[in-house]
Amino acid sequence: NAEWPTAQFNLALHQKLWMEKTARLAVSGHYGQETIDAVDEDGKVVKTKVEDFDTWSIQGSLFLPLTKCLAVQGNLWAGENLDVYYGGIGQGVNMDLATGIAAKGGWAQVVWDPTEKLCFAAGYSMDDPDDEDLNAGMRSKNEVILVNGSYKLTKAVTMMAEYSHFKTGYLEGEDAESDRVQLAMRYMF
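The paragraphs below set out a description of the structure included in this document. (Residues numbered from 1 in each chain as written. Predicted model: local features only at pLDDT ≥ 70, side-chain atom pairs only at ≥ 80, totals over all residues. Heavy atoms only, no water.)

With that settled, consider the environment of A161. Relative to the assigned elements, A161 resides in strand 10 (residues 157-170). What makes A161 partly exposed here is its relative accessible area of 35%. Spatially, the C-alpha atoms of A161 and W107 are 19 Å apart, while their sequence positions differ by 54 residues. When neighbours within four sequence positions are excluded, A161 is seen to be in contact with V147, N148, G149, Q182 and L183. (Helix = DSSP H or I, 4+ residues; strand = E, 2+ residues; numbered from the N terminus. Buried < 20%, exposed > 50% of the residue type's maximum accessible area, 1.4 Å probe, protein only. Contact = heavy atoms within 4.5 Å.)

Here we take up the layout of surface pockets. Unfilled space is identified by rolling a water-sized probe across the atoms. The volume enclosed by the largest pocket comes to roughly 520 Å³. If you trace the largest pocket, you find 25 residues lining it, with D113, L118, C119, S150 and K152 closest to the centre. Listed by contribution, the elements that provide at least two residues to the lining of the largest pocket are strand 8 (118-129), strand 9 (139-152), strand 10 and strand 11 (176-187). Each residue belonging to the lining of the largest pocket can be placed in one class, and the counts come to 10 nonpolar, 6 polar and 9 charged. Estimates place the volume of the second largest pocket at around 360 Å³. Where the lining of the second largest pocket is concerned, the elements lending two or more residues are strand 1 (7-16), strand 2 (22-39), strand 3 (45-65), strand 4 (70-80), strand 7 (102-112), strand 8 and strand 9. For the lining of the second largest pocket, the residue count by class is 8 nonpolar, 11 polar and 2 charged. (1 Å grid on protein atoms, 1.4 Å probe; cavity = no way out; pocket = protein on both sides within 12 Å on 5 of 7 lines; lining within 4 Å. Points joined across faces, edges and corners; volume = space filled by probe spheres on them. Nonpolar A, V, L, I, M, F, W, Y, C, P; charged D, E, K, R; others polar.)

Our next topic: the side chain of S57. On the secondary structure map, S57 appears in strand 3. Reaching out from S57, the side chain makes a polar contact with the side chain of H30 at a distance of 2.7 Å. Apart from the residues within four sequence positions on either side, S57 is in contact with S28, G29, H30, A78, G79 and L82. (Polar contact = N/O pair within 3.5 Å; in protein donor to acceptor, adjacent residues only side chain to side chain.)

Before going further, it helps to examine the pattern of salt bridges. According to the stated counting rule, one finds 4 salt bridges in the structure shown. The shortest N-O distance in the salt bridge between K104 and D128 comes to 3.7 Å. Within this pair, whereas K104 is found in strand 7, its partner D128 is found in strand 8, the two being separated by 24 residues in sequence. Take K104: its relative accessible area is 39%, and that puts it in the partly exposed class. With a shortest N-O distance of 3.7 Å, K167 and D175 are connected by a salt bridge. (Salt bridge = Lys/Arg side-chain N within 4 Å of Asp/Glu carboxyl O.)

As structure tokens, then:
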């Protein structure tokens, strides 16, 4: 509960280049403060409004059609105290060091639409908190490699499938890896 709201911005340019699909370029970010309460070992609040920590981010996004059926898209970002925004691998403030956890990352994806109904994509994503803001055992890097596909059964119903490989690094610890397969169906109305 900070004393004033977080400010956010987004500037975007949509422009047709050499294709009928529109290219998009955007810059966005935010700035605010988060007030931390003191808690005991049981998680009970023992003192309110102990310390304020800044939260901020800056990011750039791009969608660039290369041909009628092929496009690249991605996002690069940096910031601090981003747990509320799903950055820093869910780590916002390191209370042992009394500092916000700075992080950087992004993602990139190639998208191929061979037909009006069929779409495939392959991508990579990374979230990399600064090691000097972490304690031993904290999550130090997340990486994901993925491939997915979708098929439009009708204008309203789309089936989707994705395979992704996750790797999480821990400061001064062993990496953890997992594989995930997801199936989904979307109904638009």
